[in-house]
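Remarks on the overall topology
In case you want the letters, here they are:
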Amino acid sequence: MTTTRVNLLSRRLIAPLRWAALLSLLVSVGVFFAGAGEAQAAPSCAVLSTGAAPQASAAVRSACGLIGTPYSWGGGHGGQPGPTYGLCDPANGAPDDCHVRGLDCSGLVRYAYDLAVGEDVINGTTRTQWPTSRAVARYYRADGTAPLLPGDLVYFGNTASTIHHVAMYLGQGWIVEAPYSGGYVRVAALSSHGDYYGAIRLYGPGNSGTTPPTPPTTPPSGDGRYWVDTYANAPVYGSPASTTGTGTLYQGTNYVYCKAWGREASNGSGYNHWWLKTDPDAGPGGQWVSALYLSRWGNDTAKDNNGTTIPNC
């Protein structure tokens, strides 16, 4: 009788325990799928963190302007940077890319930097870009992603000889990339690639080693306008970082109010990071023109016709 009671008790306990275990499993599955549904959506393409050189930030904006461009294996490797027809290469998953005008991954970063700095600074394929002597900093998988800044070029592959993909870092763990045949330039998580190898930086943080001059102590004079001569009709923009023109300041003697440090504008050997706030001849008031167009002064200089340093805004 004692043995029978024990077995009966065991059977009575087992059933509730089984139901409890099943309920626990169902709850766990529910939590799993709830968490999966909360995956972070990709942000808008932009400079997502601070500290990058103006050239690098400008390259990010240029790359973001190419969102939606078709991927094309071999695209972007013509004599000049920019979209081209690619190669039909079934072995690399590109059976029809000779009929697609677009950019591959290395063609994208090449074109973005060319648009940003006016120079073809990173030509070649992923494996020839990685060892470039133009890199001012280089990081590896073991360094993690904490040192990365917007505009850094991130490479993927298990070894240097098997690097197969490159993207441009935006900040906060996000990249802009030309992904694969049939795809389009997009924003993605760096972690979506499981074989991050390392990264290179083409321009040093903070202004590529060029520090803005100390802000002047001379106060604005008269009505707060500084008169300058410009040697050509100059495009104006809504901010010192913008690449979208909003009007034109005509060649001649013009007034400006103040200056701010922004993206680099260049023309041959000339360059300038200073932008001058002005009221253009065509377009809305309160826009920005590059000090590159000043007739009398050199690189990274912003003075009026009397030689007075234009004050910071």
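This text follows the structure it describes.
Residues numbered from 1 in each chain as written. Predicted model: local features only at pLDDT ≥ 70, side-chain atom pairs only at ≥ 80, totals over all residues. Heavy atoms only, no water.

1. Structural notes on the pattern of salt bridges
As enumerated under the stated definition, the model contains four salt bridges in all. Between R110 and D120 there is a salt bridge whose closest N-O contact spans 2.7 Å. With R110 in helix α3 (residues 105-117) and D120 in the loop between α3 and α4 (126-129), this residue pair connects regions lying ten residues apart in the sequence. For R201, the salt bridge identified is with D152, shortest N-O distance 2.9 Å. One end of the pair, R201, is in strand β8 (residues 196-201); the other, D152, is in the loop between β3 (137-140) and β4 (153-156), with 49 residues separating them in the sequence. For the pair shown, R201 and D152 are each scored as buried. (Salt bridge = Lys/Arg side-chain N within 4 Å of Asp/Glu carboxyl O. Helix = DSSP H or I, 4+ residues; strand = E, 2+ residues; numbered from the N terminus. Buried < 20%, exposed > 50% of the residue type's maximum accessible area, 1.4 Å probe, protein only.)

2. Focus on the state of the cysteines
This model, assessed by the stated rule, comprises three disulfides. Between C45 and C64 runs a disulfide, and the two sulfur atoms are separated by 2.0 Å. A torsion of -75° about the S-S bond marks the disulfide between C45 and C64 as left-handed. In this pair, C45 sits in the loop between α1 (2-36) and α2 (54-64) while C64 sits in helix α2, placing the two residues 19 residues apart along the sequence. Note that C88 is cross-linked by a disulfide to C98, the S-S spacing being 1.9 Å. Negative torsions about the S-S bond denote left-handed disulfides, and the value of about -75° found for C88 with C98 makes this one left-handed. (Disulfide = S-S within 2.5 Å.)

3. Details of the sheet that holds β8
Spatially, the six strands line up as an open sheet ordered β3-β8-β4-β5-β6-β7, and their pairing is antiparallel. On the outer flanks of this sheet lie β3 and β7 (186-189), each paired with one strand and no other. Strand after strand, the sheet turns through a mean of 30° between neighbouring axes, direction not considered. Where β4 meets β8, four bridges bridge the pair, whose relative direction is antiparallel. Residue pairing for β8: Y155 is matched across the bridge by G198. The strands touched by α2 within the sheet are β5 (165-171) and β6 (174-177), with β5 carrying the most contacts at an inclination of about 110°. (Pairing = 2+ DSSP bridges. Axes fitted to C-alpha atoms, helices over the stretch in contact; angles between N-to-C directions. Contact = heavy atoms within 4.5 Å.)

4. Brief notes about the side chain of T132
Mapped onto the elements, T132 comes out in the loop between α4 and β3. If we skip the residues at most four places from it in the chain, T132 touches I122, R138, I200 and L202.

5. Thoughts on the nonpolar core
Counting residues in hydrophobic clusters, the biggest one holds 40 residues, and the most contacted among them are Y113, L153, M168, L170 and L202. Elements with a contribution of two residues or more to this core: α2, α3, β4, β5, β6, β7 and β8. At eight residues, α3 tops the list of elements feeding residues into this core. Among residues more than four places away in sequence, those in contact with L170 are C45, A46, V47, L48, S49, V60, C64, P150, I175, V176 and V187. Judged by nonpolar contacts, the second largest core, of 20 residues, contains V256, A265, A291 and A302. (Core = buried A, V, L, I, M, F, W, Y, C linked by side-chain atoms within 4.5 Å.)

6. Observations regarding the packing of α2 against α3
Across the interface, α2 lies against α3 with an axial gap of 8 Å and an inter-helix angle of 120°. On the basis of their axis angle, the class for α2 and α3 is oblique. The hand of the α2/α3 crossing is right-handed. On the side of α2, the interface is formed by Q55, A56, A58, A59, S62 and A63, while α3 contributes A112, Y113, L115, A116 and V117. Split into classes, the residues belonging to the contact of α2 with α3 amount to nine nonpolar, two polar and no charged. (Parallel < 35°, antiparallel > 145°, perpendicular 65-115°, else oblique. Left-handed = near helix turned anticlockwise from the far one by under 90°. Nonpolar A, V, L, I, M, F, W, Y, C, P; charged D, E, K, R; others polar.)

7. Concerning unusual backbone geometry
Residues other than glycine seldom take positive phi values, yet Q172 does so here, at roughly 55°. Its location among the elements puts Q172 in the loop between β5 and β6. One non-glycine residue, D300, lies in positive phi territory at about 50°. Inspection of the secondary structure puts D300 in the segment after β14 (287-290).

8. Describing α3
The terminal C-alpha atoms of α3, which comprises 13 residues, lie 19 Å apart, in line with the 18 Å expected from a rise of 1.5 Å per residue. Counting buried positions over the 13 residues of α3 gives twelve, a clear majority of the element. Of all the residues in α3, the buried ones are C105, S106, G107, L108, V109, R110, Y111, A112, Y113, D114, A116 and V117. Lining the buried residues of α3 we find α2, α4, β4, β5, β6 and β12 (252-267). Positive phi shows up at G118, right after α3, with a value of about 70°. (Expected span 1.5 Å × (residues − 1).)

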